[in-house]
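Observations on chain architecture
As a plain string of letters, each chain reads:
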Amino acid sequence: MKKIILLLLAVCTYSTSEAQVRNETTFGIRIGLNYSDLETDFFEDPDSRIAPEVLFFAEIPLGNTFSFVPEIGFSALGAKENSIDTPDGNTVDFKTNWLTAGFQAQVNITDWLYINAGPKFALNVSENDENDYYDTDLMGVGGLGFRITDGLSIDARYGYGFTNIFEGTNLETRGFEAENRFYQLTVSYRM
């Protein structure tokens, strides 16, 4: 067992040391799909929504293996259900569209494999009732990416919303909460 662990450690060390030195900032676009739902006790097992994700990013290398990746874009999240009317006269949408901005800390494990994680701030741009509910969300996002070529990558990520999107509604006063949860599969092109 010790020999296997030492062999794996040696392979990982060699792969990391062989990673290309990336010293130029690159810009790109990431396009893909979100598979999202709401973590809520308001209704049981909401149907997941499949919707688009479009991001523009810059990859700023900070050494051989570490990069800082700011992102800005559009993300469609929520559940498949459209909306409900609450007793106070508001309509609460479960399908929501967000403008997002955040950054990822990216670690290049090899020339073709990297991991990333970081915060994302989101502003709800869906039609709503006098801007009195779930205007913003703070999320944590992390995942794994595969470089196919220098310019082309595939990313798989998971996102976790920390904000109660029922905030400011009658649903919140009745004790209900809902947070965004999503999986992403995107293709990135670096220019």
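Let us look at the structure shown here. These numbers come from a predicted model, not from an experiment.

Scoring rules and cut-offs
Residues numbered from 1 in each chain as written. Predicted model: local features only at pLDDT ≥ 70, side-chain atom pairs only at ≥ 80, totals over all residues. Heavy atoms only, no water. Helix = DSSP H or I, 4+ residues; strand = E, 2+ residues; numbered from the N terminus. Buried < 20%, exposed > 50% of the residue type's maximum accessible area, 1.4 Å probe, protein only. Contact = heavy atoms within 4.5 Å. Polar contact = N/O pair within 3.5 Å; in protein donor to acceptor, adjacent residues only side chain to side chain. Lys, Arg positive; Asp, Glu negative; His and termini not counted. Salt bridge = Lys/Arg side-chain N within 4 Å of Asp/Glu carboxyl O. Phe/Tyr/Trp six-rings, centres within 6.5 Å; stacked < 30°, edge-to-face > 60°. Core = buried A, V, L, I, M, F, W, Y, C linked by side-chain atoms within 4.5 Å.

It is worth spelling out the overall build of the protein chain at this point. What the protein chain contains, in helices and strands, is two helices and eight strands. Walking the protein chain from its N terminus toward its C terminus, one meets helices and strands in the order α-β-β-β-β-β-β-β-α-β. For the protein chain, the proportion of its 191 residues judged to be buried stands at 41%. Look at the contacts in the protein chain between residues 6 or more apart in sequence, and 62% of them connect residues 24 or more apart.

Attention now goes to the side chain of Asn108. Within the secondary structure layout, Asn108 lies in strand E4 (residues 91–108). A polar atom in the side chain of Asn108 sits 3.2 Å from the side chain of Gln106. A distance of 3.4 Å separates polar atoms of two side chains, one belonging to Asn108 and the other to Arg147.

Moving on: the side chain of Asp137. Tracing the backbone through its elements, the reader meets Asp137 in strand E6 (residues 136–147). Nearest to the buried, unbridged Asp137 among oppositely charged side chains is Arg181, at 7.1 Å. At 3.1 Å, the side chain of Asp137 forms a polar contact with the side chain of Thr163. Those residues in contact with Asp137 that lie beyond four places of it in its chain are Trp98, Lys120, Phe121, Ala122, Gly161, Phe162, Thr163, Ile165 and Asn180.

Okay, the pattern of salt bridges next. If you walk through the whole model with that rule in mind, you get seven salt bridges. In this structure, Arg30 engages Asp155 in a salt bridge whose closest nitrogen and oxygen atoms are separated by 3.7 Å. Of this pair, Arg30 sits in strand E1 (residues 26–40) while Asp155 sits in strand E7 (residues 152–161); the two residues are 125 residues apart in sequence, bridging distant segments of the chain. The pair formed by Arg30 and Asp155 is uniform in burial state, with each residue classed as buried.

In the structure shown here, the tally under the stated rule is four aromatic pairs. Where Phe68 meets Phe103, the ring centres are 5.3 Å apart and the plane angle is 40°; that geometry is what we call tilted. Taken together, the positions of Phe68 in strand E3 (residues 66–85) and Phe103 in strand E4 put the pair 35 residues apart, joining distant regions of the chain. On the basis of relative accessibility, which here comes to 36%, the residue Phe103 falls in the partly exposed class.

As a further point, take the nonpolar core. Counting 15 residues, the largest nonpolar core has Leu38, Phe94, Ile165 and Phe166 as its most contacted members. Every element with two or more residues in this core is listed here: E3, E4, E6 and strand E8 (178–190). Per element, the largest residue contribution to this core is three residues, and it comes from E4.

It is worth spelling out the environment of Phe57 at this point. Within the fold, Phe57 resides in strand E2 (residues 49–61). Classification of Phe57 as buried rests on a relative accessible area of 4%. Sequence separation of Phe57 and Phe103 is 46 residues, and the distance between their C-alpha atoms is 8.8 Å. In contact with Phe57, not counting residues within four places along its chain, are Thr26, Phe27, Gly28, Ile29, Arg30, Val69, Pro70, Glu71, Ser188, Tyr189 and Arg190.

What follows deals with the environment of Glu53. Looking at where Glu53 falls in the secondary structure, it is placed in strand E2. Residues Glu53 and Phe74 lie 21 residues apart in sequence; the distance between their C-alpha atoms is 5.8 Å. Residues within four places of Glu53 in sequence aside, it is in contact with Arg30, Ile31, Gly32, Asn34, Phe74, Ser75, Lys120, Gln184 and Thr186. A distance of 3.2 Å separates a polar atom in the side chain of Glu53 from a polar atom in the side chain of Asn34.

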